[in-house]
Amino acid sequence: GGRVLFLVTNFIATAEQAQGTCPESPSVLDAQCTADADCPVGSPVAGGNGIRTGRCVMFNTSHSTCEVHAWCPVENNTLPRKPLLAEAENFTLFIRNTVHFTKFSFSRCNALQTSDPSYFKSCTYHPVLSPSCPVFRVHDMVEAAGESFGDLALLGGSIAVRIEWDCDLDRAAARCQPRYSFSLQDRRYNFRTASYYWDSQRRLCRTLLKLYGIRFDISVHGQARGAGTAPGGLTADHPAAFVSLQATVVCDLVLLYLDAKADVYWQEKFEEVR
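Predicted model, so just to flag it, every value in this text is computed and none were measured.

Caption draft 1: Spatial organisation of the pattern of salt bridges. One pass over the full model with this rule turns up nine salt bridges. Put simply, Glu67 and Arg55 hold a salt bridge, and the shortest N to O gap is 3.2 Å. Here Glu67, found in strand β4 (residues 64–71), pairs with Arg55, found in strand β3 (residues 51–58); they are twelve residues apart in sequence, far enough to count as distant. Here Arg187 ties to Glu147 by a salt bridge, and the two come within 2.9 Å at their closest N and O atoms. With Arg187 in the loop between β10 (179–186) and β11 (190–198) and Glu147 in the loop between α2 (138–144) and α3 (149–155), this pair connects stretches of sequence that are 40 residues apart. Given the relative accessible area of 15%, Glu147 is considered buried.

Laid out in structure tokens, this is it:
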């Protein structure tokens, strides 16, 4: 099974008025122009925000771009140099996982079974010092995946969290513990969302948010083994095979040497080669 968690670490907010016409952003290469002929009517701007109106207009004192039909002003793609939520590296994720091996009627949870209500508020997972604590620090998870939080939080990213159970049921149940591994899936991850409202002039407006963050894809894998499984079953078959062999030998001895028609059976069982 799998579960996805998303932690926002950076964002860009753009307040836009109702749909209309406005100059495309100069950061979009396909929108740059010097004359109206560079902006054919009805053609979309590749990687841009709308359809060209046919006009080349001034975006600012140093750039001219094609005018487009779009939400205005167009989206601002300028990112801050540092994550806006840099303190998110000290956030923690509580990942509770229970596995069921129905064939053995055995269940196991990755969290320590305790009656202390303050335990999960104070513990942090550590593979040696605290392996039964299901509370993971974001900074530690990112580093375990081979990345630095500052780099990943700026443009977002995706990390795979793998929980693996390998249980020997011939041993104490307490020794059945999960193993955690973390790996980087993508160094960029973002998505957009918008909130819509009416302004004082009854125009439909929206605030566009482009959210950057760290996505955690959690998957669980497991296997269990113990007495009575395949190896034990193969061992149980050996006596039956030995009994079958004994019965065949006894029958041959009786028919070949003790039966009244032993010579007929001998001729049928063996062929003399001259």
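Caption draft 2: Looking closely at the sheet that holds β3. Read from one edge to the other, the open sheet built from three strands follows the order β2-β4-β3, with strand pairing classed as antiparallel. Pairing within the sheet leaves two strands with one partner each, and these edge strands are β2 (19–23) and β3. Adjacent strand axes in the sheet meet at a mean angle of 30° when their direction is disregarded. Where β2 meets β4, five bridges bridge the pair, whose relative direction is antiparallel.

Caption draft 3: View of unusual backbone geometry. Looking along the chain, the bond that leaves Cys72 and enters Pro73 is cis, with omega of -5°. If you trace the backbone, Pro73 turns up in the loop between β4 and β5 (92–94). One non-glycine residue, Ser105, lies in positive phi territory at about 55°. Overall, the relative accessible area of 71% leaves Ser105 in the exposed class. In this model, Arg202 sits at a positive phi of 60°, which is unusual for a non-glycine residue. Residue position: Arg202 is located in the loop between β11 and β12 (204–225). Taking relative accessible area as the criterion, Arg202 reaches 59% and is therefore assigned exposed.

Caption draft 4: Geometry of the pairing of strand β9 (residues 157–168). Across twelve bridges, the pairing between β9 and β12 is parallel. The partner of Asp166 across the bridge, within β12, is Gln223. The sheet contact formed by β9 and β10 spans seven bridges and is antiparallel. Bridge assignment links Val161 to a residue of β10, and that residue is Phe182.

Caption draft 5: Main features of the nonpolar core. In this structure, Met141, Ile159, Phe182 and Phe216 are the most contacted members of the largest nonpolar core, which totals 28 residues. The set of elements that each furnish at least two residues to this core consists of β6 (98–101), α2, α3, β9, β10 and β12. Among the elements that take part in this core, β9 stands out by supplying five residues, more than any other. Not counting residues within four places of it along the chain, the set of residues in contact with Phe182 comprises Phe136, Met141, Ala144, Ala145, Ile159, Ala160 and Val161. Ranked by size, the runner-up nonpolar core spans eight residues in total, among them Val28, Ala31, Cys72 and Val74.

Caption draft 6: Spatial organisation of the environment of Val8. For Val8, the location among the structural elements is in strand β1 (residues 2–16). With a relative accessible area of 25%, Val8 lands in the partly exposed category. C-alpha separation for the pair Val8 and Asn190, spaced 182 residues apart in sequence, amounts to 9.0 Å. Each residue touching Val8, except ones within four places of it in the same chain, is listed here: Leu85, Leu211, Tyr212 and Gly213.

Basis of the calculations
- Residues numbered from 1 in each chain as written.
- Predicted model: local features only at pLDDT ≥ 70, side-chain atom pairs only at ≥ 80, totals over all residues.
- Heavy atoms only, no water.
- Salt bridge = Lys/Arg side-chain N within 4 Å of Asp/Glu carboxyl O.
- Helix = DSSP H or I, 4+ residues; strand = E, 2+ residues; numbered from the N terminus.
- Buried < 20%, exposed > 50% of the residue type's maximum accessible area, 1.4 Å probe, protein only.
- Pairing = 2+ DSSP bridges.
- Axes fitted to C-alpha atoms, helices over the stretch in contact; angles between N-to-C directions.
- Core = buried A, V, L, I, M, F, W, Y, C linked by side-chain atoms within 4.5 Å.
- Contact = heavy atoms within 4.5 Å.

Scope: geometric values only; no functional claims are made or implied.
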